[in-house]
There are 2 protein chains.
Amino acid sequence: MTAADSDGARPARSGRRPGQSGTREAILAAARERFAQVGFDKTSIRAVAADAEVDPALVHHYFGTKQQLFAAVVELPVDPEVVLRQVDAVPLDRLGETIVAAVVGLWDSPAGAGAVALVRSMVANGDTSLARDFLLSVVLERVRQRIATDTDDGRLRVALAASQMAGLVISRKILDLRPVSGLPLPQIVAAVGPTVQRYLTGDLGQDSPGAGEP
Amino acid sequence: MTAADSDGARPARSGRRPGQSGTREAILAAARERFAQVGFDKTSIRAVAADAEVDPALVHHYFGTKQQLFAAVVELPVDPEVVLRQVDAVPLDRLGETIVAAVVGLWDSPAGAGAVALVRSMVANGDTSLARDFLLSVVLERVRQRIATDTDDGRLRVALAASQMAGLVISRKILDLRPVSGLPLPQIVAAVGPTVQRYLTGDLGQDSPGAGEP
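Rules behind the numbers
- For every chain, the first residue of its written sequence is number 1, and the numbers climb from 1 along that sequence.
- Just so you know, chain letters begin at A and ligand numbers begin at 1, following the order they were written in.
- Only residues with pLDDT of 70 or above have their local features reported here, since the model is predicted, and side-chain atom pairs are shown and tallied only from 80 upward, although totals for entire chains, interfaces and linings are computed over all residues.
- Remark: hydrogens and water are excluded; side-chain values derive from all non-hydrogen atoms of the structure.
- What counts as a helix is a DSSP run of H or I of at least four residues, what counts as a strand is a run of E of at least two, and both are numbered from the N terminus.
- Burial status follows relative accessibility: with a 1.4 Å probe on protein chains alone, a residue under 20% of its type maximum counts as buried, one over 50% as exposed, and anything between as partly exposed.
- Throughout, a residue-residue contact means that at least one pair of heavy atoms, one from each residue, lies within 4.5 Å.
- Method for areas: the Shrake-Rupley scheme with a 1.4 Å probe, in which residue coverage is limited to the protein chains shown.
- UniProt positions are given in the numbering used here, feature names are shortened, and annotations may be inferred rather than shown by experiment.
- For helices, the axis comes from a line fit to the C-alpha atoms of the stretch in contact; other axes are also lines fit to C-alpha atoms, and the angle between any two N-to-C directions lies between 0 and 180 degrees.
- Angles below 35 degrees are treated as roughly parallel, those above 145 as roughly antiparallel, those between 65 and 115 as roughly perpendicular, and all remaining angles as oblique.
- Rotating anticlockwise by less than a right angle from the far helix to the near helix defines a left-handed crossing, while the corresponding clockwise rotation defines a right-handed one.
- All amino acids are sorted into three groups, where Ala, Val, Leu, Ile, Met, Phe, Trp, Tyr, Cys and Pro are nonpolar, Asp, Glu, Lys and Arg are charged, and the leftover types, Gly among them, are polar.
- Two aromatic rings, drawn from Phe, Tyr or Trp (for Trp, its six-membered ring), form a pair once their centres lie within 6.5 Å of each other, and the interplanar angle then sorts them: stacked below 30 degrees, edge-to-face above 60, tilted otherwise.
- Salt bridge, as used here, is a side-chain nitrogen of Lys or Arg placed within 4 Å of a carboxyl oxygen of Asp or Glu.
- Buried Ala, Val, Leu, Ile, Met, Phe, Trp, Tyr and Cys residues form a nonpolar core when they are joined through side-chain atoms within 4.5 Å.
- pLDDT is a per-residue confidence score from the predictor, ranging from 0 to 100.
- Helix span, as expected, comes to 1.5 Å for every residue beyond the first.
- At any given residue, the bend is defined as the angle formed between two axes, one fitted to the seven residues that end at that position and one fitted to the seven that begin there.
- For this analysis, a polar contact is any N or O atom pair within 3.5 Å, provided that within protein one partner can donate a hydrogen and the other can accept it, and provided that sequence-adjacent residues contribute only side-chain to side-chain pairs.

Draft legend 1. Up close: the overall build of chain A. If you tally the helices and strands in chain A, you get ten helices and zero strands. Ordered by position from N to C terminus, the α and β elements of chain A give α-α-α-α-α-α-α-α-α-α. Counting every position in chain A, which comprises 214 residues, the buried fraction comes to 48%. Relative to all contacts within chain A whose residues are 6 or more apart in sequence, the contacts with residues 24 or more apart total 70%. Approximately 9,900 Å² of chain A is accessible, and the part contributed by carbon and sulfur atoms is 52%.

Laid out in structure tokens, this is it:
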């Protein structure tokens, strides 16, 4: 706790921000730097607030959760929470088709165009660790918690599913690999859904489920 | 045929090349430009030779086949022919595991490091059409010819397999997505081989195999 916590609606110190827009920008700048330096997991809303010299409540007020703040920093064109709620709502044996439909539907939407530019830029700069962190900590973690059992933590399963989804999105949106790039959503779901389902809940032919842990 | 065809071991015109190294460079430059302008399929050894003002036999002498010339132009660290021969040699029902083992093995080898740099640069520049052409015309075409039937030309099948392989390579080599990135080859083959096998020879749940053709 800092002295700034006494008033959630005002910057902790005055004289630096010209107004709301300046405060919002200062929070974004602080978050961008901290995410880049220590990664998604180790970044806290409180630390970002301290860097931006504002009250943590103000960060929540402007941006919501940490994952929503991250989405704003990398200019994600969509709130990941919306997709994750679809994944939470279906039975385990429909996870594969649901994930394929949600992810491909999202990338095919107008919002997907901005995401393609983001991917290009990240791959170009070799700056993929933050995207991976976010994928592992937020998106895949939610799926992992659904499929984990006493003998299988599900980490390899969600990473394999992510490998197929990444390849599918890149084939459709960056490589324009026909006929996959032109295939209507229902046919993509029929073709790729079973792959993702097997990765998440099927037999992977591993002697020991956790054997791949580094 | 041009007048230059009378002597396969000498440049068609003299006075432009300082020596063998200059000739080789001139062929590479001509090939680079032509591949970029008209794509892999429409580029002929003869056209490249004409652009470089050398005899076509000299292009074959220095570089071998058109695909080997392409590999030299994009500085592919490996001869694709070597991988394709492994694919040709196995029965249909072992294609999945063979392709996963060959592709992952290749990218895990020292030669793979150069390929990672190549992928980064192509994605960054949006310059992926040539890579896609090459993938479709050479690598996937050989596999497609093996699996095509009277009612299914196999194009969707090889593209789906390519989407999984692209995602797997990117997850291991660019995203460093654990535990997929650290998983030993035999476990990768056990996990992903059946996916590629199903894409190539299994049930894809499509009403009509050719329905995805653009």
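Further notes follow.
Draft legend 2. Geometry of the UniProt feature "DNA-binding region" (unreviewed entry) in chain A. Cross-referencing UniProt, the feature "DNA-binding region" (unreviewed entry) maps to residues 44–63 of chain A in the present numbering. Helix makes up 80% of residues 44–63 of chain A and strand 0%, and the two end C-alpha atoms of the span are 13 Å apart.

Draft legend 3. Main features of the packing of helix H5 (residues 80–89) of chain B against helix H6 (residues 95–108) of chain B. Residue and element names in this part refer to chain B. Orientation of H5 relative to H6, taken along the N-to-C sense of each, is 160°, at an axis distance of 9 Å. Viewed along their axes, H5 and H6 adopt a mutual orientation that is roughly antiparallel. Classified by chirality, the crossing of H6 by H5 is right-handed. Every residue of H6 that contacts H5 at Val83, Gln86 and Val87 is listed here: Leu95, Thr98, Ile99, Ala102 and Leu106. Looking at side-chain class alone, the contact of H5 with H6 contains six nonpolar, two polar and no charged residues.

Draft legend 4. Region of interest: the packing of aromatic side chains. Residue and element names in this part refer to chain B. Per the counting criterion, the structure on display carries four aromatic pairs over all chains. Ring centres of Phe35 and Phe70 lie 5.2 Å apart, and the angle between their planes is 90°; on these two criteria the pair is classed as edge-to-face. Placement of the pair is Phe35 in helix H1 (residues 20–42) and Phe70 in helix H4 (residues 66–73), with a sequence separation of 35 residues. Across this residue pair, the class does not change: Phe35 and Phe70 are buried.

Draft legend 5. Molecular detail of the pattern of salt bridges. Residues and elements named next belong to chain A. Enumeration over the complete set of coordinates arrives at 16 salt bridges over all chains. Across the salt bridge formed by Asp88 and Arg142, the nearest N and O atoms sit 2.8 Å from each other. Here Asp88 is found in helix H5 (residues 80–89), whereas its partner Arg142 is found in helix H8 (residues 129–147), with 54 residues between them in sequence. A residue is classified by how much of its surface remains accessible, and Asp88, at 35% relative accessible area, is partly exposed. Under the relative-accessibility criterion, Arg142 is labelled partly exposed at 22%. In this structure, the salt-bridge partner of Arg172 is Asp108, at a minimum N-O distance of 2.8 Å. Of this pair, Arg172 sits in helix H9 (residues 155–173) while Asp108 sits in helix H6 (residues 95–108); the two residues are 64 residues apart in sequence, bridging distant segments of the chain. Relative accessible area serves as the criterion here: at 35%, Asp108 is assigned to the partly exposed category. Residues joined in a network through salt bridges with shared partners are Asp108, Arg172 and Lys173.

Draft legend 6. Representation of the nonpolar core within the structure. Grouped together as the largest cluster of nonpolar side chains are 74 residues, with contacts concentrated most on A:Ile99, A:Val100, A:Leu200, B:Ile99, B:Val100, B:Val192 and B:Leu200. With near-sequence residues (within four places) excluded, A:Leu200 lies in contact with A:Leu95, A:Ile99, A:Val143, A:Ile147, A:Arg157, A:Val158 and A:Ala161.

Draft legend 7. Expanded view of the confidence of the model for chain A. Residues and elements named next belong to chain A. Summarising the model, chain A shows a mean pLDDT of 81, and 80% of its residues fall at 70 or more. No element of chain A has a lower mean pLDDT than helix H7 (residues 110–125), at 69, and none a higher one than helix H10 (residues 185–201), at 97. In this model residues 1–18 is a low-confidence stretch, pLDDT under 50, and it forms 28 contacts with partners more than four residues away in sequence or in other chains. This model gives residues 209–214 a pLDDT under 50, and the stretch forms 13 contacts once residues within four places in sequence are excluded.

Draft legend 8. Quick peek at the packing of helix H2 (residues 45–52) of chain B against helix H3 (residues 56–63) of chain B. Residues and elements named next belong to chain B. H3 packs onto H2 with a crossing angle of 105° between their chain directions and a minimal axis gap of 8 Å. Comparing their axes, H3 and H2 come out roughly perpendicular. For the pair H2 and H3, contact is made by Ile45, Arg46 and Ala49 and by Pro56, Val59 and His60, respectively. A class-by-class count of the residues in the contact of H2 with H3 yields four nonpolar, one polar and one charged.

Draft legend 9. Main features of H1(B). All names here are of chain B. For H1, which comprises 23 residues, the first-to-last C-alpha distance of 27 Å sits more than 12% below the rise-based estimate of 33 Å (1.5 Å per residue). If you look at H1, its biggest bend is around 85°, right at Ala36. Among the residues of H1, Gly22, Thr23, Ala26, Ile27, Leu28, Ala30, Ala31, Phe35, Gly39 and Phe40 are the ones counted as buried.

Draft legend 10. Representation of the side chain of B:Asp152. Residue and element names in this part refer to chain B. Within the secondary structure layout, Asp152 lies in the loop between helix H8 (129–147) and helix H9 (155–173). Polar contacts involving the side chain of Asp152 include one to the main-chain amide nitrogen of Gly154, which spans 2.8 Å. Here the side chain of Asp152 touches Arg157 through a polar contact of 2.7 Å, side chain to side chain.

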